[in-house]
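Structural description and commentary
Residues per chain are reported as follows:
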Amino acid sequence: MEREVRVRFAPSPTGPLHIGGVRTALYNYLLARKLGGKMLLRIEDTDQNRFVPGAEQYIMDSLRWCGIEIDEGIEQGGPHAPYRQSERKPMYRQYADQLIRDGYAYYAFDTPEELDAMRARLTAAKVPNPQYNSITRAQMRNSLTLPAEEVQQLLDSGAPYVIRLKVPRKEEVRFQDLIRGWVVVHSSAIDDKVLMKSDGMPTYHLANIVDDHLMEITHVIRGEEWLPSAPLHVLLYRYLGWESTMPQFAHLPLLLKPDGTGKLSKRDGDKLGFPVFPLEFHGTDAQTGEPTVSSGYRESGYLPEAFINFLAFLGWNPGTTQELFTMDELIENFSIERVSKSPARFDQNKVRWFNEQYLRAKPDAELAQYLITDLAAQGLAVDAAKAEQIAALVKERATFPADLAREAQLFFQRPSSYDEQVISKKWNPQVAAALTEFAAQLPALPDASPEGIKARLTEVLEAQGVKIGQVLQALRVAVTGQAAGPDLMHIMHILGPQETAERIQAAVAALPA
Ligand code: GLU
């Protein structure tokens, strides 16, 4: 029988979730939904030294904002609860014991000083990568080197120990990665990783494998930084007798800085002015203890649809020219085979572009709501119909919702100055006279639609013997103060003939012709 597809996102709550982590969650989610499977959220908090308060809640809030739905997790519960590793602590020990019993793991009693001495010895002997492994373990104090009675005595006396995996000396470990193809690593490159710490907590490696097995995970989709751990995980599946149900691995490409020179970090975001976290995060500086704030996509005005669409393309493409995908379309089109192995470069302009597309595609009534709220915050009232007209006009100049209110200022404030360049080039007695006549005719205009206004302007200018091209820019500056902006006829239409006329008259009075 085909197994139900079950994937998991397994973050450690060590801080806010980086966008690389969000991408990992997204790809897991897309695969689960596409294949009619389940998406799990497991919190990997066995390393309590790195625990950051609030991080767990932050992770869940971020996923919710992105529209990544969790089927089983700490909030949802599920058949394999608990989904927080610290609460599963009693479950791991038996597997470490099983590995010891079967000869695949051993007790190691070395003190931190002894471990340091070993590293110093190996470094002095110019061993390039000093580690506890199939060779060096022979010189250390562990259950492979000490007599059985001494081991028992140490255990009985409560001496501190760890449990280490006994990695074979000469063996090729291979597995097929869904993105990278066959991965082959020689076991001599793998060290005898600690599986159980002296405080009785499992390490990431043991807990991760035991949980993936117990939770019946079919696909492990995670960042490239975990690729070096995968051979060790393959060994663990084998030694625990779980090879036949071992999940398939897919290691996602790295996310690079905009200039392609290395992994995208929080510092790049700070330096270049873009967030690397989905939501704003309030934390504390590890060194100074001062409160810190890291900016988030949500608070910077990004729409979750745009953020997700952008992230989906960082490492995946549909094989067509289509770029705009709703979550449902992503689900339909996603496949692991189309995930690239080459690193993906973060592109700040692209994420802005996606935001513009999604913002401008929203119904004008919805954009009007942003506008009404933002203007109200400035003490400006606008009715819904007018807000909708303004939003429809200015949205082409907006990247973020807040840009709408900024672009709308011209409707609420008469110009306090006039663009000097335009005035020096385009303002002259003839233009001033033509505009004065146009202003005089405006209030009684029977058709104040953008077309009606344009028709009357054309008539007046013809009668005055002035070409429209000579006047338009001056008129824009007279009405708005600025050299550029949205369609002028629409601006005058929204302002209304009376206000437009008064603005033109004020400009004529203020500007020496
Ligand atoms: N806890 C690991 C992390 O923080 C999970 C890695 C994995 O998916 O196996 O990314």
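First, a word on what this report is: a plain description of the structure on this page. Keep in mind that what you see is a predicted model, and the values were worked out from it rather than measured. (Residues numbered from 1 in each chain as written. Predicted model: local features only at pLDDT ≥ 70, side-chain atom pairs only at ≥ 80, totals over all residues. Heavy atoms only, no water.)

**Thoughts on the overall build of the protein**
Secondary structure summary: the protein contains 20 helices and 13 strands in total. Computed over the C-alpha atoms, the radius of gyration of the protein is 33 Å, more than 25% above the 24 Å expected from 2.2 N^0.38 for a compact globule of 513 residues. In terms of overall dimensions, the protein has a C-alpha envelope of 110 × 55 × 35 Å along the principal axes. Burial statistics for the protein: of 513 residues in total, 49% are counted as buried. (Helix = DSSP H or I, 4+ residues; strand = E, 2+ residues; numbered from the N terminus. Rg over C-alpha atoms; globule rule 2.2 N^0.38 Å. Buried < 20%, exposed > 50% of the residue type's maximum accessible area, 1.4 Å probe, protein only.)

**Topic: the pattern of salt bridges**
This model, assessed by the stated rule, comprises 40 salt bridges. Residues Arg84 and Glu87 are paired through a salt bridge, measuring 2.3 Å at the closest nitrogen-oxygen approach. Ionic pairing is found between Asp268 and Lys257, a salt bridge with its closest N-O pair at 3.1 Å. Here Asp268 is found in helix α8 (residues 266-272), whereas its partner Lys257 is found in the loop between β10 (255-256) and α8, with eleven residues between them in sequence. (Salt bridge = Lys/Arg side-chain N within 4 Å of Asp/Glu carboxyl O.)

**Focus: helix α12 (residues 364-377)**
With 14 residues, α12 should reach 20 Å at 1.5 Å per residue; the first-to-last C-alpha distance of 20 Å fits that figure. All of the buried residues in α12 are Leu367, Ala368, Leu371 and Leu375. Viewed along the axis of α12, the buried residues span an arc of 105 degrees, placing them on a single side of the element. Opposite the buried face of α12, at more than 90 degrees from it, the exposed residues are Thr373 and Ala377. Here the buried face of α12 lies against α11 (348-360), α13 (384-394) and α14 (401-408). Phi turns positive, to about 80 degrees, at Gly379, one or two residues after α12. (Expected span 1.5 Å × (residues − 1). Arc of directions from axis to C-beta. Contact = heavy atoms within 4.5 Å.)

**A look at empty space enclosed by the protein**
Summed over all chains, the structure comprises one cavity of 30 Å³ or more. Here the largest cavity defines a volume of roughly 40 Å³. Along its surface, the largest cavity is lined by Lys266, Gly269, Asp270, Phe274, Pro275, Val276, Phe277, Ser294 and Ser295. It is α8 that contributes the most residues to the lining of the largest cavity, three residues altogether. The residue inventory of the lining of the largest cavity, partitioned by class, reads four nonpolar, three polar and two charged. (1 Å grid on protein atoms, 1.4 Å probe; cavity = no way out; pocket = protein on both sides within 12 Å on 5 of 7 lines; lining within 4 Å. Points joined across faces, edges and corners; volume = space filled by probe spheres on them. Nonpolar A, V, L, I, M, F, W, Y, C, P; charged D, E, K, R; others polar.)

**Considerations on the sheet that holds strand β7 (residues 194-196)**
Overall, antiparallel pairing links the three strands, which are arranged β3-β4-β7 in an open sheet. Each edge of the sheet is formed by a strand with only one pairing partner; in this case those strands are β3 (105-108) and β7. The mean angle between the axes of side-by-side strands here comes to 45 degrees, regardless of whether they run parallel or antiparallel. Relative to β7, strand β4 (residues 162-165) is paired through two bridges, and the arrangement is antiparallel. The residue of β7 that forms the bridge with Arg164 is Val194. Against the sheet, helix α3 (residues 89-101) makes contact with β3, β4 and β7, and its axis sits at roughly 105 degrees relative to β3, the strand it touches most. (Pairing = 2+ DSSP bridges. Axes fitted to C-alpha atoms, helices over the stretch in contact; angles between N-to-C directions.)

**Looking at the site of the ligand**
Taken together, Arg8, Ala10, Ser12, Glu44, Tyr204, Asn208, Arg222 and Trp226 are the residues near the ligand. One of the side-chain N or O atoms of Arg8 is found 2.7 Å from an oxygen atom in the ligand. Residue Arg222 places a side-chain N or O atom 2.8 Å away from an oxygen atom belonging to the ligand. Protein chains shield 84% of the accessible area of the ligand, which is 300 Å² for the free molecule. Partitioned by chemical class, the residues of the shell around the ligand number three nonpolar, two polar and three charged. (Near = heavy atom within 4 Å. Polar contact = N/O pair within 3.5 Å; in protein donor to acceptor, adjacent residues only side chain to side chain. Areas by Shrake-Rupley, 256 points an atom, 1.4 Å probe, with all protein chains shown as cover.)

**Brief notes about the packing of helix α9 (residues 304-312) against α11**
The geometry of α9 relative to α11 is characterised by a closest axis approach of 8 Å and an angle of 135 degrees between their N-to-C directions. As the angle between them shows, α9 and α11 are arranged oblique. In the crossing of α9 with α11, the sense of the turn from one axis to the other is right-handed. Residue-level inspection shows Glu305, Ala306, Asn309 and Phe310 of α9 in contact with α11, the latter providing Lys350, Val351, Phe354, Asn355 and Tyr358. In terms of residue class, the contact of α9 with α11 is made up of five nonpolar, two polar and two charged. (Parallel < 35°, antiparallel > 145°, perpendicular 65-115°, else oblique. Left-handed = near helix turned anticlockwise from the far one by under 90°.)

**Quick look at the pairing of β3**
Regular strands have side chains that alternate between both faces of the sheet. Taking every second residue as pointing to the same face, both faces of β3 are buried, with Ala105 and Tyr107 on one and Tyr106 and Ala108 on the other. In terms of strand pairing, β3 meets β4 through four bridges, oriented antiparallel. Bridge pairing links Ala108 to Val162 in β4.

**Thoughts on the packing of aromatic side chains**
Enumeration according to the criterion identifies 23 aromatic pairs in this entry. Judged by centre distance (5.7 Å) and plane angle (40 degrees), the ring pair of Trp65 and Phe307 falls under tilted. In this pair, Trp65 is assigned in helix α2 (residues 55-66) and Phe307 in helix α9, connecting sequence segments 242 residues apart. Accessibility classification places Trp65 together with Phe307 in one group, the buried group. Ring-pair connections join several aromatic residues into one group, and the members of that group are Tyr27, Phe274, Phe310, Phe313, Trp316, Phe325, Phe334, Phe346, Trp353 and Phe354. Between Arg164 and the ring centre of Tyr132, over which it is positioned, the NZ or CZ distance is 3.7 Å. In this structure, Lys350 packs its charged tip against the face of Trp353, placed 4.5 Å from the ring centre. (Phe/Tyr/Trp six-rings, centres within 6.5 Å; stacked < 30°, edge-to-face > 60°. Lys NZ or Arg CZ within 6 Å of the ring centre and 35° of its normal.)

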